[in-house]
Amino acid sequence: MLYFPLRLRKEPVRLQFCMCFGAASKGTPVAIPGTSLAPQGPSAHNTDGIFEDLKAIQREYGYLPTDKLQAIADARGMHVREVFTVASFYPHFHLTAPARVDVRVCSDMSCHLRGAGLLKQELQTRLSNQGPDNCSIREISCLGRCDGAPALLISTKNEEQIYDSINGERAADIVVRKLAGEPLPHTRPERIRTEIHSDPYIGTQKYGVLREFVKSRDFTGVVAQLKASGLRGMGGAGFPTGTKWEAVRNCAGDEKYVVCNADESEPGTIKDRFIMQHLPHLLVEGMILAGLVTGAKSGVLYIRHEYEHPAEACQDEIDSCYRENLLGSNILGSGLHFDLKIFISPGGYICGEETALIEAIEGKRSEPRNKPPFPVFQGLWHKPTALNNVETFALATVILARGVDWFKSYGRNGTAGVKFVGISGDVRNPGVFEVPMGISYDELINGLAGGPLPGKTIKAFAPSGPSSGYLPASMLNLPLDWDVMAKPPVNSMVGSGAIVVCSEDACMLDMALNAVKFYRNESCGKCVPCRVGSQKMVDMLTAWTQGKQNSSDLQVLDELSHTMMLTSICGLGQIVPAPIQSVLHHFRDEVDAHVKQGRCPAGVCSVGGRA
């Protein structure tokens with residue numbers, strides 16, 4: 001008898017799956033039409049490519065029948081429990097047959113602010129006569145359409161589409177038409193809405209840095225320029241890029257890898273989607289250069305599966321590079337070799353953690369590894385790996401093309417560099433903007449994003465999604481500066497630049513609960529502090545929104561926060577307390593109104609049965 005923990009997704013159920021299987025067959029592998037089932041190599045790599053097999057089966061049947069999981073296990077020399085363990089981890093895969101049309105409404109942060117709850121209720125009312133076998137309506141974690149909130153996903157056996165800026169009437173009409181046999185209407189790629197100043201190839205031949213590099217072979221010069229520029233990892237961690245590439249180059253051995261993290265699944269984070277859609281050449285060139293500098297001959301671009309159009313744009317760019325001899329075994333006749341492929345994520349925010357992402361590429365459960373060793377020394381397939389995010393690779397290209405002086409001079413007030421930020425929530429003009437480092441949040445929000453919605457005022461903003469916590473509107477004068485934002489008294493972060501704005505209508509305790517629920521739902525469950533602690537924190541904050549607070553709650557919260565930050569394996573568990581701790585610091589009066597006065601100042605929470 002095998003027990004597998006159920007991964008939590010929005011509607012958590014505290015139970016375990018129990019499944020009984022016979023011993024795995026050791027006979028001839030069973031082939032399944034449309035899959036890549038073939039005898040694998042060494043057992044350490046027998047999960048390589050397993051997601052393509054799972055996806056092929058799900059496309060055919062709409063879910064993963066047990067006998068088909070057994071067939072995959074047989075073909076790969078695995079036990080069926082190993083295949084089930086992988087498939088059951090990812091929300092993209094269905095282990096039982098879903099409804100004919102599955103509607104999932106994003107309820108995180110920006111969508112929560114822009115009416116996701118009301119949208120879900122309206123859909124339940126409009127589609128109540130369809131029956132559970134025909135239509136299911138539930139919540140889903142962030143879909144990466146924060147600038148088009150509210151957003152939802154509609155999926156069927158062999159179709160899946162994301163719709164943003166949508167209302168209940170239109171969404172219900174799509175569902176009814178699909179049930180009547182019509183295809184899901186396709187969405188179009190986003191159009192560029194702002195001029196890009198950093199692209200060095202406007203009006204000129206692309207891949208100029210690569211063309212020069214294969215002539216000079218100046219490996220140390222590239223690293224020196226990146227170090228001099230001060231380029232950090234732009235996914236939020238902020239580790240120096242030049243130092244990372246140099247470390248991988250100095251590692252012994254011929255087998256090394258370059259990996260790009262384009263998962264960006266945290267609420268509010270949308271700038272990598274924009275870069276891949278409109279500037280894929282900068283990303284691809286940055287990855288090629290990283291490969292040649294570090295000595296890696298293979299690269300993987302890991303893209304979240306919701307990013308259909310950006311993935312297509314990047315694949316078109318990669319195909320073009322192969323045609324122009326900019327990728328492959330003999331780049332531009334230089335004898336240098338680098339191959340690049342796209343890996344589509346099977347889903348889950350935890351995949352954004354670098355070692356969890358590597359586990360997913362290897363066809364395993366996306367659970368973070370213990371560190372050290374770090375990916376620089378033991379990454380993909382336990383080989384040295386240079387892993388950066390989309391913006392980092394793109395800006396590496398910009399720096400090497402335009403020069404360190406240009407990059408440093410682009411910033412303001414002594415802060416160097418350029419940044420792509422995504423602004424969403426309660427603003428008139430949500431979107432992605434290319435800005436100089438050092439610009440104030442006031443200029444970003446009230447200037448570029450058009451300020452608050454008509455008739456509203458700004459109450460708070462998150463500088464980088466839920467992980468940064470919430471700051472009051474009185475701090476809008478802060479600069480987009482790594483050091484200023486990280487130090488007291490701010491104690492926040494620039495992070496990935498996922499700026500989410502809350503108007504006066506938002507309840508900050510409710511927003512903290514929304515953020516903590518996101519982390520609870522997305523916890524991989526590997527470590528106890530995160531798995532248990534996030535649920536405990538959700539229970540506590542839920543009670544507060546209902547006007548219930550024990551005298552020991554604040555002490556328990558502090559102890560729980562301290563424990564999670566010290567003992568969680570990865571950054572997800574460590575950052576869970578950030579939203580509520582920031583609200584207690586900056587918006588304590590709102591929390592006290594709930595638990596001491598039995599009222600929600602914003603009229604959002606169900607204190608005393610109201611709202």
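Preceding this paragraph is the structure being described.
Keep in mind that what you see is a predicted model, and the values were worked out from it rather than measured.

1. Description of helix α20 (residues 553-567)
For an α-helix the count is 3.6 residues per turn, leaving residues at separations of three or four pointing the same way.
Argument step 1. Between its first and last C-alpha, α20 extends 21 Å over 15 residues, near the 21 Å set by a 1.5 Å rise per residue.
Argument step 2. Every buried residue belonging to α20 is among Asp553, Leu557, Leu560, Ser561 and Met564, and all of these are buried. Considered in projection along α20, the buried side chains sweep an arc of 100 degrees and stay on one side of the axis. Turned more than 90 degrees away from the buried face of α20 sit Gln555 and Leu566, all of them exposed.
Argument step 3. As for α20, its buried residues are in contact with α19 (528-545), α21 (571-575) and α22 (578-586).

2. A word on the sheet that holds strand β4 (residues 135-140)
Argument step 1. Spatial ordering of the open sheet is given by β4-β3-β5-β6, a layout of four strands whose pairing is mixed. At either end of the open sheet lies a strand with only one pairing partner, and these are β4 and β6 (160-164). This sheet shows a mean twist of 20 degrees between the axes of neighbouring strands, independent of strand direction.
Argument step 2. Sheet topology note: the strand β3 (residues 101-106)/strand β5 (residues 151-155) ladder contains four bridges and is antiparallel. Residue pairing across strands places Asp102 opposite Ser155, the latter belonging to β5.

3. A look at the pattern of salt bridges
Argument step 1. All told, the structure shown has 30 salt bridges when counted by the stated rule.
Argument step 2. In this structure, Lys371 and Glu353 form a salt bridge, with 3.2 Å as the shortest nitrogen-oxygen distance. Of this pair, Lys371 sits in the loop between α13 (354-361) and β10 (385-389) while Glu353 sits in the loop between β9 (339-344) and α13, and the two are 18 residues apart along the sequence.
Argument step 3. Glu590 serves as the salt-bridge partner of Lys459, at 2.9 Å between the closest nitrogen and oxygen.

4. Topic: the side chain of Lys178
Argument step 1. Within the element layout of this structure, Lys178 appears in helix α6 (residues 168-179).
Argument step 2. Owing to a relative accessible area of 16%, Lys178 belongs among the buried residues under this scheme.
Argument step 3. Engagement of the side chain of Lys178 in a polar contact is seen with the side chain of Glu159, the distance being 2.5 Å.

Reading the values: the criteria
- Residues numbered from 1 in each chain as written.
- Predicted model: local features only at pLDDT ≥ 70, side-chain atom pairs only at ≥ 80, totals over all residues.
- Heavy atoms only, no water.
- Helix = DSSP H or I, 4+ residues; strand = E, 2+ residues; numbered from the N terminus.
- Expected span 1.5 Å × (residues − 1).
- Buried < 20%, exposed > 50% of the residue type's maximum accessible area, 1.4 Å probe, protein only.
- Arc of directions from axis to C-beta.
- Contact = heavy atoms within 4.5 Å.
- Pairing = 2+ DSSP bridges.
- Axes fitted to C-alpha atoms, helices over the stretch in contact; angles between N-to-C directions.
- Salt bridge = Lys/Arg side-chain N within 4 Å of Asp/Glu carboxyl O.
- Polar contact = N/O pair within 3.5 Å; in protein donor to acceptor, adjacent residues only side chain to side chain.

By themselves, these are just geometric observations and shouldn't be taken as functional.
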